[in-house]
Amino acid sequence: MLRQLVELHARLRSEGKALPTMYEVRRVDVEIELTPDGKMIGSPHFFTDDKEAKAGRFAIPARARSGTGENPFLVVDTGEYVFGFSRGGKSERKHNAYLNLLDGLLERYDDARVRAVRRFAGNGAAALRDVSWPQGLEPAKAWFVFRVDDAYVHELDCVKRFWAESMREAFTGPERICLVCGEKKEVIARGAPVRVKRVSSDGQASGAALITADKEAFESYGQEQSLVAANCFECSTASAEALNWLITADEALDHRLWTGQNTIVFWLRDGGGFDPLKNIASPQPQQVRRLITAAHRGQGDSASGVSQSEFYLTTLTNNAARLVVQDWIETSISEIERQLGRWFDDLGLEPDWPDREQIWPRLGTLVEAINPPGSSGAQAKRDEAALLRAVFRGARPDPGMVARALERQRAEIFAKNDHNQRSRRHARAALLKLFLRRDLHPAAMPTENLNPENPSVAYQCGRMLAVIEGIQRAGMGGQAPGASVIDRYYGAASTTPSSVLGVLIRESQSHLAKLRRERTGLGRYFEKQLEEISGRIEEIPATLSLREQAEFALGYYQQRAYRQTSDDEAPGNAGSASDQTPTEEESPA
């Protein structure tokens, strides 16, 4: 992964898209124009007065620094460093460190414009004693940028070179073979010159280090900190800067997906636009069906028509100040599209609401559906990473995830029937279908719609419960009872069906008798349903395994969804395709 990131950084640099080494874009508050002899021209310009969103944004020298050390940035920094404006007992030391850094630059590269900044900043806070500061802007916290002879000083070539050289000296240690470029160089010894930022919502603002070992358990062969995976300065900064470009750059919007839990970034080796994630985040029926068709045909060419460049994808998250690589994929575009087609084919499930087009749940909805409200973000991160492996590697959801999906299905089966509940219910059922399709023998392969001939007894038991529910509702005139058979018995029926299904079938006979008297066609319809399903069940199981519980839940959901009306409270037409459909006036809806 690091080698491919370094190659990406080289391409970005050749295209003029990469920032100088160890520069980052940030907002600056104050611009000061100086004469070559270090005197201020006019008054400072405050970017806080500009209404444009991008006003005051510059690529400046930057490094990670804590609140306790004295680590100045070169030329551009806060008023505390540049002028010594007081924010505490260390302000004078920070100001001296800033001036010493400028002195080091002038010793190596004598430049009149840098000398002007050094002379002006050397006056300290007195240099700006007559300035009227905008309300709310604290001089010690404000960021300052300097311009001399119509050139921004931090953009001078000598400043860029000196900053890279000084940072290399600060971070490198012994000579080792770099694991990325294979050359013998001084490698990063401690910390990370460039940190990766904005990976997840709970990450540190200063960013995360890609390579570091802060505990003895992570050390290897006596190597500590960054020496556990030797990277030279050039490869370390290039890989982190390439990641930062993928995650934050405006022109890289079609190279990333930020989910709130993880960040997924992807790119093509030869460049170009290709976004495999947009349909995962928000499935588009036409595009999804094209992917499924291509996967079924086994097309060698890309379904999107994109050239067959090598494709790279990584899933990232934070663990405090460290970057966690959840997954790394190196493959072709056609293989990614094949896996996407498989994913949507395995996931697609007819919903129990009128919009029959949207049969594929969003990735975010899948994660929400299997985690109770208020659950930890750490579990959601793990679930999302596991689902992404299922997308791009064809992996099967692990049994623990399926068990939690079944638990949520039982807990929310009688929850209020609003749109969010319907979406989560559909997502859980779709996840169970995905699990079964990637686990079962093809003879029992679940389908997108109800399959009355599914050989699974557990599936047929789930159908049976849905039909009994429909009989109860129809017997009560279509009104939902105060406590339905689902409210009282779904949990038991989905785990130990023999303990309740027989009783429920007997209790449903009174409702059936009423229907035969008052709505003859509907009564016959439900009788046929019970007979058809009963004929497929030789013996009701005493207990169900995890896989069988998933089959039960899927059978129940698909039976309810079958020919469901637009009225959420109406029972489904609990029938099979071969059954005689009741007339409109006899419909259970």
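Data block above holds the structure.
Now for a look at the structure at hand. (Residues numbered from 1 in each chain as written. Predicted model: local features only at pLDDT ≥ 70, side-chain atom pairs only at ≥ 80, totals over all residues. Heavy atoms only, no water.)

1. Comments concerning the packing of aromatic side chains
The tally for this structure, following the rule as stated, stands at 19 aromatic pairs. Measuring from ring centre to ring centre gives 5.6 Å for F73 and W143, while their planes differ by 45°; the resulting arrangement is tilted. One end of the pair, F73, is in the loop between strand 4 (57–61) and strand 5 (77–78); the other, W143, is in strand 6 (residues 143–148), and 70 residues separate them in sequence. In terms of burial, F73 and W143 fall into one category: buried. (Phe/Tyr/Trp six-rings, centres within 6.5 Å; stacked < 30°, edge-to-face > 60°. Helix = DSSP H or I, 4+ residues; strand = E, 2+ residues; numbered from the N terminus. Buried < 20%, exposed > 50% of the residue type's maximum accessible area, 1.4 Å probe, protein only.)

2. A word on the packing of helix 14 (residues 457–475) against helix 18 (residues 546–561)
Close contact between helix 14 and helix 18 brings their axes to 6 Å; oriented N to C, the two are set at 40°. On the basis of their axis angle, the class for helix 14 and helix 18 is oblique. Relative to helix 18, the crossing made by helix 14 is right-handed. Contacts between helix 14 and helix 18 involve A458, Y459, C461, G462, R463, L465, A466, V467 and E469 from the first element and E548, E551, F552, L554, G555, Y556, Q558, Q559 and R560 from the second. Split into classes, the residues belonging to the contact of helix 14 with helix 18 amount to nine nonpolar, four polar and five charged. (Axes fitted to C-alpha atoms, helices over the stretch in contact; angles between N-to-C directions. Parallel < 35°, antiparallel > 145°, perpendicular 65-115°, else oblique. Left-handed = near helix turned anticlockwise from the far one by under 90°. Contact = heavy atoms within 4.5 Å. Nonpolar A, V, L, I, M, F, W, Y, C, P; charged D, E, K, R; others polar.)

3. Some words on the pairing of strand 2 (residues 30–34)
Of all five residues in strand 2, four are buried, a share of seventy percent or more. Here two bridges tie strand 2 to strand 3 (residues 45–46), and the two strands are oriented antiparallel to one another. Across the sheet, E31 pairs through a bridge with H45, a residue of strand 3. Of the strand pairs in this sheet, strand 2 and strand 6 are connected by five bridges, and their pairing is parallel. Within strand 6, the residue paired with L34 across the bridge is V148. (Pairing = 2+ DSSP bridges.)

4. Some words on the side chain of N244
Tracing the backbone through its elements, the reader meets N244 in helix 6 (residues 233–248). Judged by its relative accessible area of 16%, N244 falls in the buried class. What N244 contacts, discounting residues up to four positions off in sequence, is V194, R195, V196, K197 and A249.

5. What to know about helix 16 (residues 501–518)
An ideal rise of 1.5 Å per residue puts 26 Å on 18 residues; helix 16 measures up with 25 Å between its terminal C-alpha atoms. Among the residues of helix 16, L501, L504, S508, L512 and L515 are the ones counted as buried. Where helix 16 is buried, its residues touch helix 14, helix 15 (485–493) and helix 17 (520–534). (Expected span 1.5 Å × (residues − 1).)

6. Description of the pattern of salt bridges
The full count for this structure, using the stated rule, is 37 salt bridges. Here R560 ties to D352 by a salt bridge, and the two come within 3.5 Å at their closest N and O atoms. Of this pair, R560 sits in helix 18 while D352 sits in the loop between helix 9 (333–347) and helix 10 (363–369), and the two are 208 residues apart along the sequence. On the accessibility criterion, D352 (3% relative accessible area) is buried. Connected via shared salt-bridge partners are R342, D345, D346, R437 and R438. (Salt bridge = Lys/Arg side-chain N within 4 Å of Asp/Glu carboxyl O.)

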